[in-house]
Amino acid sequence: MDLTGSVERVLDLRALDLATQPLPGPDTAASRVVGDDYLVLYLSASEEFDDNGHVVEVLERFEQDCAGLEAAVSELWGPAVSVDLRPFMDSMVRGEAVPELPGFLAGIVSEVSAWHLEDRSICVGVGLCDTHGPVVLIAAVGDLRRHL
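Remember, it's a predicted structure, so these values are computed and weren't measured experimentally. (Residues numbered from 1 in each chain as written. Predicted model: local features only at pLDDT ≥ 70, side-chain atom pairs only at ≥ 80, totals over all residues. Heavy atoms only, no water.)

S.K.: Looking at this model, I keep getting lost on the overall build of the protein chain. Mind explaining?
M.R.: Scanning the protein chain for helices and strands turns up four helices and six strands. Helices and strands appear in the protein chain in the N-to-C order α-β-β-α-β-α-α-β-β-β. Across the protein chain, every contact between residues at least 6 apart in sequence was considered, and the portion connecting residues at least 24 apart equals 63%. (Helix = DSSP H or I, 4+ residues; strand = E, 2+ residues; numbered from the N terminus. Contact = heavy atoms within 4.5 Å.)

Next up, the structure:
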């Protein structure tokens, strides 16, 4: 992971007008997901796994990268708060409606570190896209706080 580039992309999310502005910086369709009121960036992704034994090692490395990213952003915005997304996953499993942003995030990560700013939440987290990877480091922007 390029820590400096990832920090810059997270910082850009603070000024992004989700309704009218294009995503800042270089981007491809595969590295982002846009919803009605949120944006998720894939900052880093591993390869998919044929052998699940290797997943733990890769996941630990990505978690270290995420901790470094969180520390760098926290120097600018103050400490992040941990947001547990498992209740949203439980609701989805029961077939209940879940708001878009926490529903999307819960499909990948069980918790995120979030900064609740004036009109938005910005969060980072690490998870698996499915049972065989890839492991991903994501950043997201939207109004997560209103769903907690």
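S.K.: Sorry if this is basic, but what is going on with the packing of helix H1 (residues 3-15) against helix H2 (residues 55-77) here?
M.R.: When two helices pack together, their arrangement is given by the angle between their axes and by how far apart the axes lie. One can describe the packing of H1 onto H2 by two numbers: an axis separation of 10 Å at closest approach and a directional angle of 45 degrees. When the interaxial angle is binned, H1 and H2 end up oblique. As H1 runs across H2, the sense of the crossing is right-handed. Counted together, Leu3, Ser6, Val7, Val10, Leu11 and Arg14 of H1 and Gly68, Leu69, Ala72, Val73, Leu76 and Trp77 of H2 form the full contact between these two elements. (Axes fitted to C-alpha atoms, helices over the stretch in contact; angles between N-to-C directions. Parallel < 35°, antiparallel > 145°, perpendicular 65-115°, else oblique. Left-handed = near helix turned anticlockwise from the far one by under 90°.)

S.K.: Looking at this structure, how should I read the nonpolar core?
M.R.: One broad rule of soluble globular proteins: the nonpolar side chains tend to lie buried together. Grouped together as the largest cluster of nonpolar side chains are 25 residues, with contacts concentrated most on Val10, Leu13 and Leu69. Where this core is concerned, the elements lending two or more residues are H1, strand E2 (38-45), H2, strand E5 (121-128) and strand E6 (135-142). For this core, the leading source of residues is H2, giving seven residues. Ignoring sequence-local partners within four residues, the contact set of valine 10 consists of Leu43, Leu69, Val73, Trp77, Ile122, Val124 and Ala139. (Core = buried A, V, L, I, M, F, W, Y, C linked by side-chain atoms within 4.5 Å. Buried < 20%, exposed > 50% of the residue type's maximum accessible area, 1.4 Å probe, protein only.)

S.K.: Can you help me understand a negative patch on the surface in this one?
M.R.: A contiguous patch of negative charge, built from Glu47, Glu48, Asp50 and Asp130, is present on the exposed surface. Here aspartate 50 shows up in the loop between E2 and H2. By relative accessible area, which is 81% here, aspartate 50 ends up exposed. (Patch = residues over 30% accessible without salt bridge, like charges linked within 9 Å, V, L, I, M, F, W, Y side chains within 5 Å. Areas by Shrake-Rupley, 256 points an atom, 1.4 Å probe, with all protein chains shown as cover. Salt bridge = Lys/Arg side-chain N within 4 Å of Asp/Glu carboxyl O. Lys, Arg positive; Asp, Glu negative; His and termini not counted. Charge placed at Lys NZ, Arg CZ, Asp CG, Glu CD.)

S.K.: How should I be thinking about the pattern of salt bridges in this particular structure?
M.R.: Side chains that differ in sign of charge can pair as their charged atoms come close. For the structure shown, the criterion picks out four salt bridges. Here arginine 86 makes a salt bridge to aspartate 84, at a shortest N to O gap of 2.9 Å. Here arginine 86 falls in the partly exposed class, since its relative accessible area comes to 44%. Under the relative-accessibility criterion, aspartate 84 is labelled partly exposed at 34%. Across the pair arginine 120 and aspartate 119 runs a salt bridge, and its minimum N-O distance is 3.1 Å. The exposure class assigned to arginine 120 is buried, which follows from its relative accessible area of 10%. Taking relative accessible area as the criterion, aspartate 119 reaches 51% and is therefore assigned exposed.

S.K.: Help me understand the pairing of strand E4 (residues 111-116) in this model?
M.R.: By the bridge criterion, four bridges tie strand E3 (residues 81-84) to E4 in an arrangement that is antiparallel. When the bridges of E4 are listed, valine 83 appears paired with valine 112. Bridge analysis of E4 against E5 gives four bridges, and the strand direction is antiparallel. Paired with alanine 114 across the bridge in E5 is cysteine 123. A loop of four residues connects E4 with E5, the two strands running antiparallel in sequence. (Pairing = 2+ DSSP bridges.)

S.K.: Can you walk me through the pairing of E5 in this structure?
M.R.: Along any regular strand the residues' side chains alternate between the sheet's two faces. With seven of eight residues buried, E5 is to be regarded as a mostly interior element. Pairing between E5 and E6: eight bridges, direction antiparallel. Residue pairing across strands places serine 121 opposite glycine 142, the latter belonging to E6.

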